[in-house]
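Architecture at a glance
Single-letter residue listing:
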Amino acid sequence: MRHIPLKNAFNVRDMGGYPTTDGKSTKWGMLYRSDALSSLTEEDWQVLKARKIHTVIDLRSLSEISAAPVQVPEGTEYDHFSLMPEMDKLGMNLREMCTEKIIESMKLDYGKSLFRGVSCCARILETILKRSEVGSVLFMCSAGKDRTGIIAALILYLCDVVREDIIAD
């Protein structure tokens with residue numbers, strides 16, 4: 001029920017249904033996390049539109065966006081917040097970086113993202129809150145794991161979701 005099957009995206013998930021410490025749960029159909037949406041078909045977008053997704057928030061670097069831009073359908077808002085700013089500065093495409101550099105970048109950035117990028121994370125959360133008043137929000141990166149995982153963990157923590165579920169997500 002959590003996974004949303006699409007032809008050209010493989011890690012699209014509803015953030016609803018997580019139990020909170022007060023016995024409630026997060027709301028279904030309000031917030032989604034995903035891998036890159038740059039190759040979605042018209043049919044894929046129809047599935048997302050049926051879920052009332054009004055906003056797509058892209059957490060990828062500028063070089064990743066340049067290599068694989070997301071073309072959201074009319075009526076869908078698009079925002080960008082880079083959680084790997086060192087890749088923006090380097091201007092590198094992921095395909096051009098060797099595996100060692102990618103891993104080193106991840107070690108440097110993900111470990112410090114919440115502390116070094118507190119203002120960026122706050123702007124992302126503020127945007128999610130504001131845009132969720134109009135419709136559902138989807139946030140994404142390339143694989144839908146690490147950068148989306150940071151934002152998902154923050155949201156689930158703020159919703160008082162059970163710690164083990166945050167870690168499992």
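The following paragraphs examine the structure supplied in this document.

Details of the pattern of salt bridges
Counted under the stated rule, the structure contains six salt bridges. Of the charged contacts in the structure, one is a salt bridge between Lys7 and Glu43, with a shortest N-O distance of 3.4 Å. With a gap of 36 residues between them, Lys7 in the segment before strand 1 (13–14) and Glu43 in helix 1 (residues 42–50) connect regions that are remote in the sequence. Looking at Lys7, the relative accessible area reads 51%, which means it is exposed. A residue is classified by how much of its surface remains accessible, and Glu43, at 48% relative accessible area, is partly exposed. Salt-bridge contacts for Arg13 lead to Asp169; the nearest nitrogen and oxygen are separated by 3.4 Å. Note that Arg13 is positioned in strand 1 and Asp169 in the segment after helix 7 (163–168), a separation of 156 residues in sequence. Pair check on accessibility: Arg13 and Asp169 agree, each one buried. Within this structure, Arg13, Arg33 and Asp169 form a network of salt bridges that share partners.

So, the packing of aromatic side chains
Scanning the model with the defined rule gives zero aromatic pairs in all. The residue whose ring lies beneath Arg2 is Tyr18, and the NZ or CZ to ring-centre distance is 3.8 Å.

Brief notes about helix 6 (residues 146–158)
Along its 13 residues, helix 6 runs 18 Å from first to last C-alpha, staying within 8% of the 18 Å computed at 1.5 Å per residue. Asp160 lies just past helix 6 and shows a positive phi near 65°.

Notes on the side chain of Asp35
Mapped onto the secondary structure, Asp35 falls in the loop between strand 2 (31–34) and helix 1. Buried and unpaired, Asp35 has Arg13 as its nearest opposite-charge partner, separated by 8.2 Å. Here the side chain of Asp35 touches Asn11 through a polar contact of 3.0 Å, landing on its backbone nitrogen. A polar side-chain atom of Asp35 sits 3.5 Å from a polar atom in the side chain of Ser34. Each residue touching Asp35, except ones within four places of it in the same chain, is listed here: Ala9, Phe10, Asn11, Val12, Met140, Cys141, Ser142, Ala143 and Gly144.

Definitions and limits used
- Positions within a chain are numbered from 1, following the residues in the order the chain's sequence is written.
- Where local features are concerned, this predicted model is filtered to residues with pLDDT of at least 70; where side-chain atom pairs are given and counted, the filter is 80 or more; whole-chain, interface and lining totals use all residues.
- The basis for every side-chain value is the complete set of heavy atoms in the structure, and neither hydrogens nor water enter the calculation.
- Whenever a carboxyl oxygen of Asp or Glu lies within 4 Å of a side-chain nitrogen of Lys or Arg, that contact is scored as a salt bridge.
- Under the scheme used here, helices are H or I runs from DSSP no shorter than 4 residues and strands are E runs no shorter than 2 residues, and both carry numbers assigned from the N terminus.
- Using a 1.4 Å probe on the protein chains alone, a residue whose accessible area is under 20% of its type maximum counts as buried, one over 50% counts as exposed, and one in between counts as partly exposed.
- Two rings from Phe, Tyr or Trp (for Trp, the six-membered ring) form a pair when their centres are within 6.5 Å of each other. A pair whose planes differ by under 30 degrees is stacked, one over 60 is edge-to-face, and the rest are tilted.
- Both a distance and an angle decide whether a charge sits over a ring: NZ of Lys or CZ of Arg must be within 6 Å of the ring centre and within 35 degrees of the ring normal.
- In this scheme, a helix's expected span is set at 1.5 Å multiplied by one less than its residue total.
- The sign given to each residue is positive for Lys and Arg and negative for Asp and Glu; His and the chain ends receive no count.
- Definition of a polar contact: a pair of N or O atoms within 3.5 Å, with one able to donate and the other able to accept a hydrogen when the atoms are protein atoms, and with sequence-neighbouring residues admitted only if both atoms are side-chain atoms.
- Pairs of residues are marked as contacts when any of their non-hydrogen atoms sit within 4.5 Å.

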